[in-house]
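So the chains spell out like this:
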Amino acid sequence: MNSFGGEKSVLMDEIARRQRKLIPLNIVVAIIALVAAVSLLFAPIVSVDAVGLGDYITEMMGEQTAGGDSSEEGPTIDTAKIVSTVTSNMGNVSLTTMSLATLAFSDDLTETLKDYVSEIGSEALKKSEKELITDVAVPVMIEMMEEESGTQAPDNIKNMDADAIYDKAKALETASAGEVDETISALAEELQNQLGEDYISDENLADLESSIRTVYDDTVAATDGTFTIESCICVFASKSLQESGEITQTFTSYADLIDYFMDSALSSESGGGTDSSSELDDTIAQVEPILKIVAIALLFFTAVWLILFLFAFLHLFAKNKRFTMWYVKLFGFLPCLIFGVAPLVAGAIVPGMEGGAEIAGILGMISTMTWISGACYILLWIISIFWAFPIKRKIRAYNKQLKAM
């Protein structure tokens, strides 16, 4: 004899009542599982602080060039300044499960990686056009004028109104053939107004206009009559590389310019020569299986949450609204553990080791959004213990009583 006097209908009513209590639970679990799955698919698994990375790269470049030959004649381009400028406008460089899977399972991983880097770099360069003109191109032109005239640039060259100069340069993109000279004069006059007539006299102004006209003519010659800020910067950079004897070709797009620097860096890293490409291919061949394993693992973790979502959602319409979630409890926290917790722990441990400070600095540039799935995992456990388990325990107890009758 049970607490309901052995009445079967009473037990069934109690089971049905508690099954209905599982409806809001299923809805909440379905939402949690969907949020976790979507975050694992589309939120950054790994995100690198481009500003910190740029500072790290420029510091390394400074160490490599320290003590080098500084007796080179002619104007020089501050490469470290370019890197710092571009990375400051790049934001965070992120890798999601989807983008990682696209890379890992591409037909040609080498070319896909190059295209990925080129796309990111091109976008960053577009965002940096204003600074590249005012912080790189203008100082180089000023240095050329200094060498020709023997004058010294004023201190306020570092405090120029970048917007005004950029707007005047940008106007060349839409200027007709008859308006080019007038537009160039407006740009030169803007520079004169900002730097002062004591430095750019009317005589020097004519030379400055001539220099700008040369850059314009070189650009339209390389692009078959089209002028854009992008092509101008690329042609300007190409001319500087040609004068140093590094290249003979002229680049007209950020993508081509980035491809050159990537190939140059890879060739330098491998010691140059014709074997650099094959060495890169060998490295990619070794990395590719690892990328595939990581991508498959992340897709598996995502699938685990998606399965939970489907079970929780479909059981809303079933008579038995109970479902299991042990697979999520077993695997659901691993992405957060691997990409979130482990780097934090490593960042706290490695500084005391040899070379640990540098490793800690690199780890400090890396962040992740897998904490979303981690939060969902913890929330799932709380719901399971304090909400789902008491209801399911009662249902199981009533079912046992029914079978015993």
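So, a few notes on the structure that sits alongside this text. (Residues numbered from 1 in each chain as written. Predicted model: local features only at pLDDT ≥ 70, side-chain atom pairs only at ≥ 80, totals over all residues. Heavy atoms only, no water.)

**Notes on the packing of helix α1 (residues 8-42) against helix α16 (residues 371-404)**
Next up, step 1: Relative orientation of the contacting elements α1 and α16 amounts to 165 degrees, with a least axis distance of 9 Å. Our classification of the angle between α1 and α16 gives roughly antiparallel. Remark: the crossing between α1 and α16 carries left-handed chirality.
Next up, step 2: Residue classes in the contact of α1 with α16 are distributed as 23 nonpolar, five polar and five charged. (Axes fitted to C-alpha atoms, helices over the stretch in contact; angles between N-to-C directions. Helix = DSSP H or I, 4+ residues; strand = E, 2+ residues; numbered from the N terminus. Parallel < 35°, antiparallel > 145°, perpendicular 65-115°, else oblique. Left-handed = near helix turned anticlockwise from the far one by under 90°. Nonpolar A, V, L, I, M, F, W, Y, C, P; charged D, E, K, R; others polar.)

**Section: the side chain of Ser238**
Next up, step 1: Looking at the secondary structure, you find Ser238 in helix α10 (residues 229-243).
Next up, step 2: Within the structure, Ser238 has its side chain in polar contact with the backbone oxygen of Cys234 (distance 2.7 Å).
Next up, step 3: The residues touching Ser238, leaving out its near neighbours within four places in the chain, are Ile247, Gln249, Thr250 and Phe251. (Polar contact = N/O pair within 3.5 Å; in protein donor to acceptor, adjacent residues only side chain to side chain. Contact = heavy atoms within 4.5 Å.)

**Looking at the sheet that holds strand β1 (residues 46-49)**
Next up, step 1: Sheet architecture is open: three strands sit in the order β2-β1-β3, paired in antiparallel fashion. Edge strands, defined here as strands with exactly one partner in the open sheet, are β2 (92-95) and β3 (366-367).
Next up, step 2: Of the strand pairs in this sheet, β1 and β3 are connected by two bridges, and their pairing is antiparallel. Considered in β3, the bridge of Ser47 is made with Ser367. (Pairing = 2+ DSSP bridges.)

**Some thoughts on the packing of aromatic side chains**
Next up, step 1: Enumeration according to the criterion identifies nine aromatic pairs in this entry.
Next up, step 2: Plain terms: the ring middles of Phe313 and Phe317 are 5.4 Å apart, the flat faces sit at 75 degrees to each other, and that makes the pair edge-to-face.
Next up, step 3: Seen from their ring centres, Trp326 and Tyr327 are 5.7 Å apart, and the 85 degrees between their planes marks the pair as edge-to-face.
Next up, step 4: Put simply, the rings of Phe300, Phe301 and Phe331 touch in pairs and so form one group of aromatic residues.
Next up, step 5: The ring of Trp381 carries Lys329 above its face, with NZ or CZ at 4.5 Å from the centroid.
Next up, step 6: The positively charged end of Lys392 is found above the aromatic ring belonging to Phe323, 5.0 Å away from the centroid. (Phe/Tyr/Trp six-rings, centres within 6.5 Å; stacked < 30°, edge-to-face > 60°. Lys NZ or Arg CZ within 6 Å of the ring centre and 35° of its normal.)

**Side note on the packing of helix α7 (residues 162-170) against helix α8 (residues 180-195)**
Each pair of packed helices can be described by the angle between their axes along with the distance between the axes.
Next up, step 1: For the pair α7 and α8, the least separation of the axes is 8 Å and the interaxial angle reads 165 degrees. As judged from the angle between their axes, α7 and α8 are roughly antiparallel. Considering only the axes of α7 and α8, their crossing is left-handed. Of α8, the residues touching α7 (which contributes Ala164, Ile165, Lys168 and Ala169) are Thr183, Ala186, Leu187, Glu190, Leu191 and Gln194.
Next up, step 2: Of the residues that constitute the contact of α7 with α8, the class distribution is six nonpolar, two polar and two charged.

**Here's the deal with the pattern of salt bridges**
Next up, step 1: Here the structure, examined in full by the defined rule, presents seven salt bridges.
Next up, step 2: Here Asp181 ties to Arg213 by a salt bridge, and the two come within 2.5 Å at their closest N and O atoms. Of the two residues, Asp181 is situated in helix α8 and Arg213 in helix α9 (residues 202-222); the sequence distance between them amounts to 32 residues.
Next up, step 3: Given a relative accessible area of 48%, Asp181 falls into the partly exposed group. (Salt bridge = Lys/Arg side-chain N within 4 Å of Asp/Glu carboxyl O. Buried < 20%, exposed > 50% of the residue type's maximum accessible area, 1.4 Å probe, protein only.)

**A word on α1**
Next up, step 1: Taking 1.5 Å of rise per residue, 35 residues should cover 51 Å, and α1 covers 50 Å from first to last C-alpha, within 8% of that figure.
Next up, step 2: Maximum bend of α1: about 25 degrees, positioned at Pro24. (Expected span 1.5 Å × (residues − 1). Bend = angle between axes of the 7 residues up to and from the residue.)

**Examining the layout of surface pockets**
Next up, step 1: Considered as a void within the structure, the second largest pocket measures approximately 230 Å³ in volume.
Next up, step 2: Around the second largest pocket, the lining residues are Met12, Ile15, Ala16, Gln19, Lys319, Asn320, Asn399 and Leu402.
Next up, step 3: Mapped by element, the contributors of at least two residues to the lining of the second largest pocket are α1 and α16.
Next up, step 4: The element best represented in the lining of the second largest pocket is α1, accounting for four residues.
Next up, step 5: For the lining of the second largest pocket, the class distribution of residues is four nonpolar, three polar and one charged. (1 Å grid on protein atoms, 1.4 Å probe; cavity = no way out; pocket = protein on both sides within 12 Å on 5 of 7 lines; lining within 4 Å. Points joined across faces, edges and corners; volume = space filled by probe spheres on them.)

**Here's the deal with the side chain of Thr302**
Next up, step 1: Relative to the assigned elements, Thr302 resides in helix α12 (residues 276-314).
Next up, step 2: Contacts of Thr302, omitting those with residues within four sequence positions, involve Ala37, Leu40 and Leu41.

**Things to note about the nonpolar core**
Next up, step 1: By size, the foremost hydrophobic cluster in this structure holds 46 residues, and its most contacted members are Ile133, Leu208, Ile212, Tyr216, Phe227 and Ile229.
Next up, step 2: Listing elements by their share of this core, those giving two or more residues are α5 (109-127), α6 (129-149), α7, α8, α9, α10 and α11 (254-269).
Next up, step 3: At eight residues, α6 tops the list of elements feeding residues into this core.
Next up, step 4: Within the second largest apolar cluster, 40 residues are counted, among which are Ile45, Ala101, Leu298 and Ile383. (Core = buried A, V, L, I, M, F, W, Y, C linked by side-chain atoms within 4.5 Å.)

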